Amino acid sequence: MLDILNTFLSYVSDFLWGYFLIFALLGVHLYLTIILRFPQRHLITGILYSLRRTATGNSISHFASLSTSLAANIGTGNIVGVAVALGLGGPGAVFWCLLTGLLGMASRYSESLLAVRFRRLDADGNLVGGPMYAIEQGMKCKWLAVAFAVCAAVAAFGVGNVTQANAAARVLNESAVSVPTWFSGILLAALTGLVILGGLRSIARVCSIFVPIMTLVYIIGCVLVLGVHADYVGLAITRIWECAFSSQAAGGGFVGSTIMLAMQVGVRRGLFSNEAGMGSSAMASAPASTPNSVQQALVASTAPFWDSVILCTLTGITLTTAGLAEPYVMHAPDGDLIAFYAFGTAGGMGSILLTFSLVTFVISSILAWSYFGERALQYLSGKRYITLYRLAWVVAVFTGSIIPQSSLVWHFADCANALMAIPNLICMVALTPVILAETRTYLWSNKLHVVDKTLVKPAPEPEEPAPAEEEDEWDLQPEVKELSAADATISKALKSAAESEK
């Protein structure tokens, strides 16, 4: 039965990811890049805004919003996805994955801008938004909004749940400690259940801690592998560039690296990793504390840069380098084990760092995607089924961990990605006038600090009675002064960046 389902999903995936969707995705990325005058050039400004940790009312900060988005983006796609791309499309797939991330910054900017522009307050006073709200309110097309929400709610189980848990369980099982997949499933399911009960703020708090630490540890692991095989780094970079435009099959174990196959696999894995154009991560932008839609859009646009341009490229170079130094790496029985073999060439420490990185990547992605799935379901039916959805989510984490066929879950994720991307791409193209108007008003006019009074604002925090004075009352004033000083420093840096961009 699983073989039949796997074959069917493989056929559907290949059909959806044929020439049309590949060129539609890259076409929209390129179209928005040009019409918005290359918003990628405002990367530094977006990074500086992303450092702000202050929020008002029931909103979340720029940093928490970006962390939640990156938590969803930085997952198995950065490690296992790149390894699968290498195994199927050759080293050239790494280049197309990088290009997808670079051009995808414009799409992430646009979808996040629309999410803030068309956000609203739910029955509990929480800010919600995303492509479904933009499609309904901006395009006046309810059926397409429903279609996106349905695809998002279902896709979350593939993109952010089953594939993540499956990859982590397999690597833990292949590691030195040889953790049984059922045990990994129980552990991951328990951790997930504990966090998602706290809602967005709980998820954002955990992601804000996880993301910087797990990213740093993973970079250290890649540098370790590159250091062990330093003589092959230059050759690996050359091979990636040559194979991206070569119609010849690459040697050394890499198979099928024609230009189209490399492009197809690279773009597919790039989208799976950075999710630019899918619209999912825009849901994390909606509740952000921001004076206008463009400021948050700039923050969100930095996510594909960190995810694909930096981490996926680093992974691709690392795996290619290890494969050239030790050819058996690319002959792994499954594409997702290429990463395990590659980091193993750096000894026990390399395997430990990979295992830690993958597990933390998986946990953060599962948490962030649970929020995306909930928001899609909330749009469809309100909050009455949220508890049931969370229960199903936890069960799916365990199920994904014990499924033996990794190709099955990857094909399901690819299908889900495509079905989510199509409505969102239509939305961004249809609402280009709105994106241009907001960009012209705040970015091109250098008015990023101007407050948009037409935006839906976060609900104020309920007032609490002042605590009784005690002799040992803590003095929180120094902490407030320190936070104010940090914001002042960021503000100065932003002014300098704005002046330099002029």
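Right above here is the structure, for reference.
A quick note: this is a predicted structure, and the numbers were derived from the prediction, not measured.

1. Side note on helix H19 (residues 432-442)
Logical step 1: Listing the buried residues of H19 in full gives Thr432, Ile435, Leu436, Glu438, Thr439 and Tyr442. Here the buried residues of H19 occupy an arc of 165 degrees about the axis, which is enough to place them on one side.

2. A closer look at the environment of Ser370
Logical step 1: Summarising the element assignment, Ser370 is placed in helix H16 (residues 348-381).
Logical step 2: Each residue touching Ser370, except ones within four places of it in the same chain, is listed here: Ile196, Ile203, Tyr389 and Trp393.
Logical step 3: Of the polar contacts made by the side chain of Ser370, one reaches the backbone oxygen of Leu367; its length is 2.5 Å.

3. Here's the deal with the pattern of salt bridges
Note on pairing: side chains with opposite charge can pair once their charged atoms come close.
Logical step 1: All chains considered together, the criterion is met by eight salt bridges.
Logical step 2: We note a salt bridge from Glu374 to Arg390, for which the minimum N-O separation is 2.6 Å. Of the two residues, Glu374 is situated in helix H16 and Arg390 in helix H17 (residues 386-402); the sequence distance between them amounts to 16 residues. Taken individually, Glu374 and Arg390 each receive the classification buried, so the pair is uniform in this respect.
Logical step 3: What emerges from the salt-bridge pattern is a single network uniting Arg117, Glu438 and Asp452.

4. What about unusual backbone geometry?
Logical step 1: A positive phi is found at Arg37, a non-glycine position, where the angle reads about 60 degrees.
Logical step 2: The phi dihedral of Asn446 is positive, around 55 degrees, even though this residue is not glycine.
Logical step 3: For Asn446, the position within the fold is in the loop between H19 and helix H20 (477-501).

5. Description of the packing of aromatic side chains
Logical step 1: Scanning the entire structure with this criterion turns up 14 aromatic pairs.
Logical step 2: One aromatic cluster is present, built from ring pairs that chain together Phe95, Trp96 and Trp241.
Logical step 3: Its end group placed over the ring of Phe63, Arg53 keeps NZ or CZ at 3.8 Å from the ring centre.

6. Considerations on the packing of helix H5 (residues 76-89) against helix H14 (residues 293-325)
The geometry of a pair of packed helices is captured by two quantities: the angle between their axes and the separation between those axes.
Logical step 1: Where H5 contacts H14, the two axes come as close as 9 Å, and the packing angle between them is 55 degrees. For the element pair H5 / H14, the angle class is oblique. The way H5 lies across H14 gives a crossing that is right-handed. On H14, the residues that touch Gly77, Asn78, Ile79, Val82, Ala83 and Leu86 of H5 are Asp307, Leu311, Cys312, Thr315, Gly316, Leu319 and Thr320.

7. Notes on the packing of H5 against H16
Logical step 1: Look at H5 against H16: their axes get within 9 Å of each other, and the N-to-C directions meet at 115 degrees. Where H5 approaches H16, its residues Thr76, Asn78, Ile79 and Val80 are matched on the opposing element by Leu354, Leu358, Phe361 and Val362.
Logical step 2: Tallied by class, the residues present in the contact of H5 with H16 amount to six nonpolar, two polar and no charged.

8. Here we look at H5
Logical step 1: Counting buried residues along H5, 12 of its 14 residues qualify, which places the element largely inside the surrounding structure.
Logical step 2: Along H5, the residues classified as buried are Thr76, Gly77, Asn78, Ile79, Val80, Gly81, Val82, Ala83, Val84, Ala85, Leu86 and Gly89.

9. Things to note about the nonpolar core
Logical step 1: Tyr109, Leu114, Leu319, Trp369 and Trp393 are the most contacted members of the largest nonpolar core, which totals 126 residues.
Logical step 2: The element that contributes the greatest number of residues to this core is helix H8 (residues 142-174), accounting for 16 residues.
Logical step 3: Not counting the four nearest positions on each side in its chain, Leu114 is found in contact with Ala134, Cys427, Met428, Leu431, Val434 and Ile435.
Logical step 4: Ranked by size, the runner-up nonpolar core spans five residues in total, among them Leu43, Met105, Phe305 and Val309.

10. As for the state of the cysteines
Note on terminology: a disulfide is the covalent bond linking the sulfur atoms of two cysteines.
Logical step 1: Counting across every chain of the model gives zero disulfides.
Logical step 2: Lacking any disulfide linkage, Cys427 is separated from the closest cysteine sulfur, that of Cys141, by 9.8 Å.

11. Quick notes on a nonpolar patch on the surface
Logical step 1: Taken together, the side chains of Trp182, Phe183, Ile186, Leu187, Leu191, Leu194 and Ile402 define a hydrophobic patch exposed on the protein surface, amounting to about 700 Å² of accessible area.
Logical step 2: If one sorts the elements of the nonpolar patch by residue count, helix H9 (residues 181-196) sits on top with six residues.
Logical step 3: Positionally, Leu191 belongs in helix H9.

Parameters at a glance
Residues numbered from 1 in each chain as written. Predicted model: local features only at pLDDT ≥ 70, side-chain atom pairs only at ≥ 80, totals over all residues. Heavy atoms only, no water. Buried < 20%, exposed > 50% of the residue type's maximum accessible area, 1.4 Å probe, protein only. Helix = DSSP H or I, 4+ residues; strand = E, 2+ residues; numbered from the N terminus. Arc of directions from axis to C-beta. Contact = heavy atoms within 4.5 Å. Polar contact = N/O pair within 3.5 Å; in protein donor to acceptor, adjacent residues only side chain to side chain. Salt bridge = Lys/Arg side-chain N within 4 Å of Asp/Glu carboxyl O. Phe/Tyr/Trp six-rings, centres within 6.5 Å; stacked < 30°, edge-to-face > 60°. Lys NZ or Arg CZ within 6 Å of the ring centre and 35° of its normal. Axes fitted to C-alpha atoms, helices over the stretch in contact; angles between N-to-C directions. Parallel < 35°, antiparallel > 145°, perpendicular 65-115°, else oblique. Left-handed = near helix turned anticlockwise from the far one by under 90°. Nonpolar A, V, L, I, M, F, W, Y, C, P; charged D, E, K, R; others polar. Core = buried A, V, L, I, M, F, W, Y, C linked by side-chain atoms within 4.5 Å. Disulfide = S-S within 2.5 Å. Patch = residues over 30% accessible without salt bridge, like charges linked within 9 Å, V, L, I, M, F, W, Y side chains within 5 Å. Areas by Shrake-Rupley, 256 points an atom, 1.4 Å probe, with all protein chains shown as cover.

That's the geometry; what it means functionally is another story.
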